[in-house]
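Chain by chain, the residues:
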Amino acid sequence: MYEELGGNPGWLTFFGHRALRVGFDDVLSETRREAIDLIRREICNFINEGRHLVERGT
């Protein structure tokens, strides 16, 4: 589990909290999916913000 989540304390906490609430079945894959979705959204936000900065000329 530690290796799967890269040792990131935030994702380990997310995993632990979720596992205690709903059980350990499939929680690791759900946590990985949530992390991937979040990273994708953050990358899109980063790219969009960069576009806005370029368009404004700053």
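Please read all numbers here as calculations on a predicted model, not as lab measurements. (Residues numbered from 1 in each chain as written. Predicted model: local features only at pLDDT ≥ 70, side-chain atom pairs only at ≥ 80, totals over all residues. Heavy atoms only, no water.)

(A) Main features of the overall build of the chain. A count of helices and strands for the chain gives 2 helices and 0 strands. The C-alpha atoms of the chain give a radius of gyration of 16 Å, which is well past the 10 Å a tight globule of 58 residues would have. Projected onto its principal axes, the C-alpha positions of the chain cover 50 × 20 × 15 Å. For the chain, the exposed area adds up to about 4800 Å²; of that, 57% sits on carbon and sulfur atoms. (Helix = DSSP H or I, 4+ residues; strand = E, 2+ residues; numbered from the N terminus. Rg over C-alpha atoms; globule rule 2.2 N^0.38 Å. Areas by Shrake-Rupley, 256 points an atom, 1.4 Å probe, with all protein chains shown as cover.)

(B) Region of the structure containing the pattern of salt bridges. In the structure shown here, the tally under the stated rule is 2 salt bridges. We note a salt bridge from Arg-18 to Glu-30, for which the minimum N-O separation is 3.1 Å. Taken together, the positions of Arg-18 in helix H1 (residues 9-22) and Glu-30 in helix H2 (residues 27-56) put the pair 12 residues apart, joining distant regions of the chain. Its relative accessible area of 33% is what places Arg-18 among the partly exposed residues. For Arg-56, the salt bridge identified is with Glu-49, shortest N-O distance 3.9 Å. Exposure remark for Arg-56: the relative accessible area of 58% places this residue in the exposed category. The class for Glu-49 is partly exposed, based on a relative accessible area of 41%. (Salt bridge = Lys/Arg side-chain N within 4 Å of Asp/Glu carboxyl O. Buried < 20%, exposed > 50% of the residue type's maximum accessible area, 1.4 Å probe, protein only.)

(C) Quick look at H1. Taking 1.5 Å of rise per residue, the 14 residues of H1 would be expected to cover 20 Å, and the 20 Å separating its terminal C-alpha atoms lies within 8% of that figure. Among the residues of H1, Trp-11, Phe-15 and Ala-19 are the ones counted as buried. Take H1 and look down its axis: the buried residues cluster within an arc of 70°, on one side only. Counted as exposed and oriented over 90 degrees from the buried face of H1: Pro-9, Thr-13, Leu-20 and Arg-21. (Expected span 1.5 Å × (residues − 1). Arc of directions from axis to C-beta.)

Geometric descriptors of this kind do not, in isolation, establish any biological role.
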